[in-house]
Structures are given as C-alpha cells and as structure tokens.
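Reading the structure
Given next are the chains, with one letter for each unit.
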Amino acid sequence: MKTLLQIILTGVIVLVLSNILGGVYVTDFFTAIVVAALLALLNIFVKPILLILTLPVTVLTFGLFLLVINALIILMADGLIGGFSVDGFWWALLFSILLSFLQSLIFAVAERPGR
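As the structure is a prediction and not an experimental result, all values here were calculated from the model. (Residues numbered from 1 in each chain as written. Predicted model: local features only at pLDDT ≥ 70, side-chain atom pairs only at ≥ 80, totals over all residues. Heavy atoms only, no water.)

1. Here's the deal with helix α5 (residues 65-80)
- Counted at 1.5 Å a residue, the expected span for α5 with its 16 residues is 22 Å, and the 23 Å between its end C-alpha atoms agrees.
- Three or more residues of α5 are buried, namely Ile-69, Asn-70, Ala-71, Ile-73, Ile-74, Ala-77 and Asp-78. (Helix = DSSP H or I, 4+ residues; strand = E, 2+ residues; numbered from the N terminus. Expected span 1.5 Å × (residues − 1). Buried < 20%, exposed > 50% of the residue type's maximum accessible area, 1.4 Å probe, protein only.)

Here you go:
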C-alpha cells in the first residue's frame, strides 16, 4: 500500500512538473502514473547496472555523474512511454533534480511520526 501511495504521489509530482517546465510534456494523469511506475522499475532494475558500469566516472566526479544517470533514466522513460516527452538532456536533468527534491520533501512529510 505504501508503494502504491508513493507511485500516485510521484505521478502528481510528474504532472505538476510537466505544467511548470517547458520542455517536459505529459498528456494526462494516467500517463503520469505510468511514468512514475516505470521510473520506479527503471530505478530498481537499470540504475544498479548503470552504477556499476560507470563507477570509475562516478568516483572521479565525486558522485555528480549520478545526476547524468538519473537524466538518462528519464530519457529512457521518454522513449518507452508515448504520452511522455522530454525535449532533451538538459530538460531531463532539470526534471530529475526537481523530481528527486520534491519526492524527498513530500515523502518526508508523509512519513512523519505521529501521522
């Protein structure tokens, strides 16, 4: 149940960011939910492989290359989902940074003790 709630909240964040950012487009809320679910799956299965393959570069850049990996995962989702479009690498990078920040903020508020 917690995972489903996180996917729905991420879908809302994706929809809001697509309305704010000029280079990110989502057709409707259902597509945003699909994007959120696919991003979760890509982060589970693809991201560890990319981390291992790019470990030397990640170490040399003190972990900043992880931002590039996140942007690549966003671009992968763009290629796999029809109603989701990102105009380029820089929009994907900005989208991934804002998505990560907003997810951290909202999930921290949602998981507060005493709730």
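2. Focus on the packing of helix α1 (residues 2-20) against helix α6 (residues 89-110)
- Packing of α1 against α6 brings their axes to within 10 Å, and their N-to-C directions diverge by 135 degrees. One finds that α1 runs oblique with respect to α6. The two elements α1 and α6 cross, and the hand of that crossing is right-handed. Taking contact as the criterion, the partners of Gln-6, Leu-9, Thr-10, Ile-13, Val-14 and Leu-17 in α1 are, on α6, Phe-95, Leu-98, Leu-99, Leu-102, Gln-103, Ile-106 and Phe-107.
- Within the contact of α1 with α6, the residues separate by chemical class into ten nonpolar, three polar and no charged. (Axes fitted to C-alpha atoms, helices over the stretch in contact; angles between N-to-C directions. Parallel < 35°, antiparallel > 145°, perpendicular 65-115°, else oblique. Left-handed = near helix turned anticlockwise from the far one by under 90°. Contact = heavy atoms within 4.5 Å. Nonpolar A, V, L, I, M, F, W, Y, C, P; charged D, E, K, R; others polar.)

3. Considering the nonpolar core
- Counting 24 residues, the largest nonpolar core has Val-14, Leu-39, Ile-74, Phe-84, Phe-95 and Leu-99 as its most contacted members.
- Secondary-structure elements contributing two or more residues to this core are α1, β1 (24-26), α2 (29-45), α5, β2 (84-86) and α6.
- In contact with Leu-39, other than residues within four places in its own chain, are Ile-73, Ile-74, Ala-77 and Leu-99. (Core = buried A, V, L, I, M, F, W, Y, C linked by side-chain atoms within 4.5 Å.)

4. Description of the UniProt feature "transmembrane region" (unreviewed entry) in the protein chain
- Within this structure's numbering, the places UniProt gives as "transmembrane region" (unreviewed entry) are residues 28-46, 53-77 and 89-110.
- A distance of 20 Å separates the end C-alpha atoms of residues 53-77, which is 80% helix and 0% strand. (UniProt positions renumbered as here; feature names shortened; annotations may be inferred.)

5. Let's talk about the side chain of Asp-78
- With respect to the helices and strands, Asp-78 occurs in helix α5.
- Despite being buried, Asp-78 has no salt bridge partner; Lys-47 is the closest side chain of opposite charge, sitting 18 Å away.
- Ignoring anything within four residues of it in the chain, the contact list for Asp-78 reads Phe-84, Ser-85 and Val-86. (Lys, Arg positive; Asp, Glu negative; His and termini not counted. Salt bridge = Lys/Arg side-chain N within 4 Å of Asp/Glu carboxyl O.)

6. Section: α1
- For α1, spanning 19 residues, the distance from its first C-alpha to its last is 27 Å, which sits close to the expected 27 Å at 1.5 Å a residue.
- Looking at the buried positions of α1, the neighbouring elements they touch are β1, α2 and α6.

7. Let's talk about the packing of aromatic side chains
- Evaluated as defined, the whole model comprises two aromatic pairs.
- A centroid spacing of 6.0 Å and a plane angle of 50 degrees characterise the contact between Phe-84 and Phe-95, whose relative ring orientation is tilted. You can see Phe-84 sitting in strand β2 and its partner Phe-95 sitting in helix α6, a full eleven residues away along the chain. Each member of the pair Phe-84 and Phe-95 is classed as buried.
- Look at Phe-89 and Trp-90: their rings are 5.2 Å apart centre to centre, the planes differ by 75 degrees, and that puts the pair in the edge-to-face class.
- Classification of Phe-89 as partly exposed rests on a relative accessible area of 27%. (Phe/Tyr/Trp six-rings, centres within 6.5 Å; stacked < 30°, edge-to-face > 60°.)

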